[in-house]
Amino acid sequence: MFAVHLLAFHFTKLKEDQIKKVDRFLHQLRLPDDVLQDVAARFQAEMLKGLARDTNPTAAVKMLPSFVRSLPDGSEKGEFLAVDLGGSQLRAHQVRVSDDGKQSSQLESKFYPTPKEVTQGNGAELFDYIADCLSDFMETRNLKQKKLPLGFTFSFPCKQTKLDEGVLLEWTKHFRVRGVQGTDVVSSLHRALQKHQDIDVDVLALVNDTVGTMMTCGYDDPRCEVGLIIGTGTNACYMEEMRHISLVEGDEGRMCINTEWGAFGDDGALDDLRTEFDRELDLGSLNPGKQLFEKMISSLYLGELVRLILLKMTKEGLLFNGKVSTALLTKGKIEMKHVSAMENYKEGLSNTREILTELKLFPSEEDCVAVQHVCTIVSFRSANLCAAALAAILTRLRDNKKLLRMRTTVGIDGGLYKTHPRYAQRLHKVLRRLVPTCDVRFVLSRSGSGRGAATVTAVALRLAAQRRRLDAALAPLLLPPSTLQQVRDSMRAELEFGLKREAQGQATVKMLPTYVCGMPDGTEKGKFLALDLGGTNFRVLLVKIKSGRRRSVQMYNKIFAIPLEIMQGTGEELFDHIVQCIADFLDYMGIKGARLPLGFTFSFPCRQTSIDKGTLVGWTKGFKATDCEGEDVVDMLREAIRRRNEFDLDIVAVVNDTVGTMMTCGYEDPNCEIGLIAGTGTNVCYMEDMKNIETVEGNEGKMCINTEWGAFGDNGCIDHIRTKYDREVDEGSLNPGKQRYEKMTSGMYLGEIVREILIDLTKQGLLFRGHISESLRKRGIFETKFLSQIESDRLALLQVRRVLQHLGLDSTCEDSIIVKEVCAAVSTRAARLCGAGLAAVVEKRRQNRGVERLQITVGVDGTLYKLHPHFSRILQETVKELAPQCDVTFMLSEDGSGKGAALITAVAKRLHNVGQK
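Residues numbered from 1 in each chain as written. Predicted model: local features only at pLDDT ≥ 70, side-chain atom pairs only at ≥ 80, totals over all residues. Heavy atoms only, no water.

Peer 1: Would you explain the pairing of strand β16 (residues 537-546) in this entry?
Peer 2: Side-chain direction in a regular strand flips from residue to residue, so the side chains alternate between the two faces of the sheet. Of all ten residues making up β16, seven are buried, and the element is well covered by its neighbours. Direction of pairing for strand β15 (residues 526-533) relative to β16: antiparallel, over a ladder of eight bridges. Note that in β16 the partner of D532 across the bridge is R539. Connecting the antiparallel pair β15 and β16 is a turn made up of three residues. Of the pairings in the sheet, the one linking β16 to strand β17 (residues 552-561) comprises ten bridges and is antiparallel in character. Of the residues in β17, the one forming a bridge with N537 is A561. Between β16 and β17, which pair antiparallel and follow one another directly, the connecting turn spans five residues, one of which, G548, has a positive phi of 85 degrees. (Buried < 20%, exposed > 50% of the residue type's maximum accessible area, 1.4 Å probe, protein only. Helix = DSSP H or I, 4+ residues; strand = E, 2+ residues; numbered from the N terminus. Pairing = 2+ DSSP bridges.)

Peer 1: Explanation requested: unusual backbone geometry in the structure shown.
Peer 2: With glycine set apart, most residues show a phi of negative sign, and most peptide bonds adopt trans. For N321, which is not glycine, the phi torsion reads 55 degrees and is therefore positive. In this structure, N321 sits in the loop between α9 (299-315) and α10 (326-329). Of note in the backbone geometry, M511 takes a positive phi value of approximately 50 degrees without being a glycine. Tracing the sequence through the fold places M511 in the loop between α17 (481-499) and β14 (512-513).

Peer 1: What's the story with the sheet that holds strand β22 (residues 672-678) in this structure? I'm lost.
Peer 2: The strands making up a sheet are joined through hydrogen bonds of the backbone, oriented either antiparallel or parallel. The strand order across the open sheet built from six strands is β14-β24-β23-β22-β25-β26, with neighbouring strands paired in mixed fashion. In this open sheet, the two strands that pair with only one neighbour each are β14 and β26 (886-892). With five bridges joining them, β22 and strand β25 (residues 854-861) adopt parallel strand pairing. Paired with I674 across the two strands is V858, which belongs to β25. Against the sheet, helix α28 (residues 813-849) makes contact with β22, β23 (682-689), β24 (702-706), β25 and β26, and its axis sits at roughly 5 degrees relative to β23, the strand it touches most. (Contact = heavy atoms within 4.5 Å. Axes fitted to C-alpha atoms, helices over the stretch in contact; angles between N-to-C directions.)

Peer 1: What's the story with the nonpolar core in this structure? I'm lost.
Peer 2: Where a protein is soluble and globular, its nonpolar side chains tend to be buried together. Within the largest apolar cluster, 104 residues are counted, with the highest numbers of intra-cluster contacts made by L228, I230, W261 and L394. The element that contributes the greatest number of residues to this core is helix α13 (residues 365-401), accounting for 18 residues. Excluding its chain neighbours within four sequence positions, the residues that come into contact with W261 are F43, V61, L228, T234, N235, A236, F293, C386, A389, L390 and I393. With 82 residues, the next largest nonpolar core counts M511, W709, F782 and C886 among its residues. (Core = buried A, V, L, I, M, F, W, Y, C linked by side-chain atoms within 4.5 Å.)

Peer 1: I tried to follow the pattern of salt bridges on my own but got confused; where do I start?
Peer 2: Note that side chains of opposite charge can pair when their charged atoms are close. Summed over the entire model, instances satisfying the criterion amount to 70 salt bridges. Two residues, R642 and E639, come together in a salt bridge whose shortest N-O distance is 2.7 Å. Here R642 pairs with E639, and both are found in helix α20 (residues 633-644), just three residues apart, close to one helical turn. Its salt-bridge partner being R722, residue D730 comes within 3.4 Å of it at the nearest N-O pair. By relative accessible area, which is 10% here, R722 ends up buried. Beyond isolated ion pairs, a larger network of salt bridges with shared partners links E673, D689, K691, K702, R845 and R849. (Salt bridge = Lys/Arg side-chain N within 4 Å of Asp/Glu carboxyl O.)

Peer 1: Is there a simple way to think about the packing of helix α19 (residues 571-589) against α20 in this case?
Peer 2: Helix packing for two helices is described by the angle between their axes and how far apart those axes are. Interaxial distance between α19 and α20 falls to 9 Å at its minimum, and their mutual angle equals 65 degrees. Like other packed secondary-structure pairs, α19 and α20 cross with a definite hand, here right-handed. Between α19, through G571, E572, F575, D576, I578, V579, Q580, I582 and A583, and α20, the contact on the second element is made entirely by V633, M636, L637, A640, I641, R643 and R644. In terms of residue class, the contact of α19 with α20 is built from ten nonpolar, two polar and four charged. (Left-handed = near helix turned anticlockwise from the far one by under 90°. Nonpolar A, V, L, I, M, F, W, Y, C, P; charged D, E, K, R; others polar.)

Peer 1: Would you mind going over the sheet that holds strand β10 (residues 234-241) with me for this structure?
Peer 2: Here six strands make up an open sheet; going across it, the order is β1-β11-β10-β9-β12-β13 and the pairing mixed. Looking along the sheet, the strands with just one partner apiece sit at the ends: β1 (64-65) and β13 (438-444). Pairing analysis gives two bridges linking β1 to strand β11 (residues 254-258), with the strands arranged antiparallel. Following the sheet pairing, L64 is matched in β11 by N258. Together, β9 (224-230), β10, β11, β12 (406-413) and β13 form the strand contacts of α13, whose direction differs from that of β9 by roughly 170 degrees.

Peer 1: For this particular structure, what's the right way to read the packing of aromatic side chains?
Peer 2: Given two aromatic rings, their pairing is described by the distance between the two centres and the angle made by the two planes. Enumeration over the complete set of coordinates arrives at 22 aromatic pairs. Between the aromatic rings of F156 and W171, the centroid separation amounts to 4.8 Å while the plane-to-plane angle is 80 degrees, which identifies the pairing as edge-to-face. Remark: W171 occurs in the loop between β7 (165-168) and α5 (185-194) and F156 occurs in the loop between β5 (147-154) and β6 (158-162); sequence separation between them is 15 residues. When the centroid spacing of 5.2 Å and the interplanar angle of 65 degrees are considered together, the rings of F264 and F293 count as edge-to-face. You can see F264 sitting in the loop between β11 and α7 (276-283) and its partner F293 sitting in the loop between α7 and α8 (294-297), a full 29 residues away along the chain. By the burial criterion, F264 is buried, and F293 matches it. Above the ring of Y588, the side-chain terminus of K558 is found at 4.6 Å from the ring centroid. (Phe/Tyr/Trp six-rings, centres within 6.5 Å; stacked < 30°, edge-to-face > 60°. Lys NZ or Arg CZ within 6 Å of the ring centre and 35° of its normal.)

Peer 1: For this particular structure, what's the right way to read a negative patch on the surface?
Peer 2: A contiguous patch of negative charge, built from E572, E573, D627 and E631, is present on the exposed surface. Along the chain, the position of D627 falls in the loop between β20 (613-616) and α20. D627 gets classed as exposed once you look at its relative accessible area, which sits at 64%. (Patch = residues over 30% accessible without salt bridge, like charges linked within 9 Å, V, L, I, M, F, W, Y side chains within 5 Å. Areas by Shrake-Rupley, 256 points an atom, 1.4 Å probe, with all protein chains shown as cover. Lys, Arg positive; Asp, Glu negative; His and termini not counted. Charge placed at Lys NZ, Arg CZ, Asp CG, Glu CD.)

Laid out in structure tokens, this is it:
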């Protein structure tokens, strides 16, 4: 028993001594975690260089866009062909993809040799050989009578400009085919296939084997967004945010980037980590100075690296009694299969003895232990370096998503990972230490290069079909210039019609005279009260206007809520509530005893017979107070003041908010003759020549006309551009059949149009996996402010997804892109329709003045115009396009409904005083 223990002790001591000897000799290959973190940081820097247009040409890590924009979603189906070129064999595959609820794919394959005369011949011969093999495969599978899409797995670095095009950058592995580098390999394959008249194949996708690996695993695991190959060669790909890929146009969504990380270090970035053995191996390779990272990692080189180390140790007398065999001097004599066998957990030492004996090295027990440890250090370094670069990719993914902790899946393939006894375990363990904030699952790819090419092709077909259906759904919202010209001309006709006396009962665009006959001239001064009623809040303002050189406008205001029961109660209750608010404000300001002139901004359609008389034509914006329509709102306000009997006010003017907007801007710019509101509602007013206003006596001077253009189209004149979504929104509104133009252009309705479109697209299976959530069914859930947020250029898709999640809509990246596109289509149409209407107004002013070219200012207010990221620009561009003889300046109004009401009151008092004199 004692002898057994003594023997065990002797062997353990011998093993420890040999391990220490090898560790001292190969200390440069041992990489602690701080060095690996540094390697990860270096690789991240290389990734950034490769992604940027300016630095990509000199980047070692090329970060090639693959034009694969989407992972499988399980709805892919069909029959596909795949051809896989990249290793010692050419493989042809038939793949059937099913979405029968089981989400399965079936693979039938045939393998063909790639003889040296093909892999090192000329390009035409290579592609003819591929086409011949494919033809043979289709014959074998009885597929020649079918037209099938094909995915081409081409496992060499290619620069792609689209999914079905790729220019070979350089050959790797053992391929050296002449005349192919710098050419499009898909075109070459097409030409070869055309020689076979009996087959009909359409090459839809060029796929790198790494991308194929990710897509194959992504079919089974939707979290898979990284592909990794560790075999004869090594590479990684991952899904990058489009906004970071300056090599490709567009910033929406994601795209798979083929890193081609084998070239990491070709620019010297790893020189301090490369050993004398790495340099010797590189010098003896087919491509010296290239693929340096790959030469430290992949199975093609690890066996040779072990041979070079053993050779030097033997020459220095550390192994085999210093005796070098001919086999040890021969390049390629130790392969990766030998390294794996020597590292086998149970049989490693016996395998080592057997392999070394075959190399005529006659090892001792100590030699076998040392050689086994050399293999361990070499393969461990490979796993460490691979983990460091993968950690950089995972960190980037996590940062892109702005997550503190991320769950993700890595699809993986390659003989080194699959067959080495300890490689996978080492890689996983090191990776967990380097990125503790990432929970990573590794999924082994099943025939990744073939099945993956078919999956990419299936996804491409699905996206193309979705694109066609999405385009069809949004096509009615895209208004060509000819349609916008028709809208402009129809608006012009309605403006003219509304001014005629005999049209007053029939006109939809009411063209209401405001009796505002002048603009501010700078002499206005005094204290004025202003009331602003036009939504769920009501404001009372005290406005102090100073004239002269130090002219200014000071405002003090208080906001009061109008409860729903008041908005939809009786008229008496509404105006009593308004007067109560005025009393509170007068007390608050300490001015209850003063009889101040008052301007009443009443943002609803009114027919005026003088500046202080306005009969309500009809409620809008959710108001439904009874006994008001057809009544003079100024009289109703005066009656409510009398009922309260606490104070008296001089009600000088009833004002529309649009007119107030024009007057506010007119105070700053005398050229302002038009007011535009583009917010919750929409409206336009402008200064019209009195001689054209048949509904008012007199031909001298000008008067502001409140068009109330929101009702444009209520007579059916724009029915040809209304979509089914517009009709659904109209039918669900408080006033069906009314305010049709407003319902296509104003903030109150745009979100609801978007919601209707999203429901339709979801029913078609284009969004939210075909599931209509309860929140999406709720009217009003999609407020217009969300359009502004979603369309913001500064908002990445990640934030778009968060907006949608806030609305209870669980979206994918692809869903977010579609939602953003829908929002853009709806808001763009609104801006262009609004611009077409405004073009009619400015063109009318030009013709009224009888000038060749008009310079005019439009005062604008409204949250849609002010806050939406693109609305104002598109509106302005449309006006320029449709009224080319008008130079229009747009001026943002400062509180048109408050300040504007006071200015109208001040102008009215000034004109009244002038009249009395």
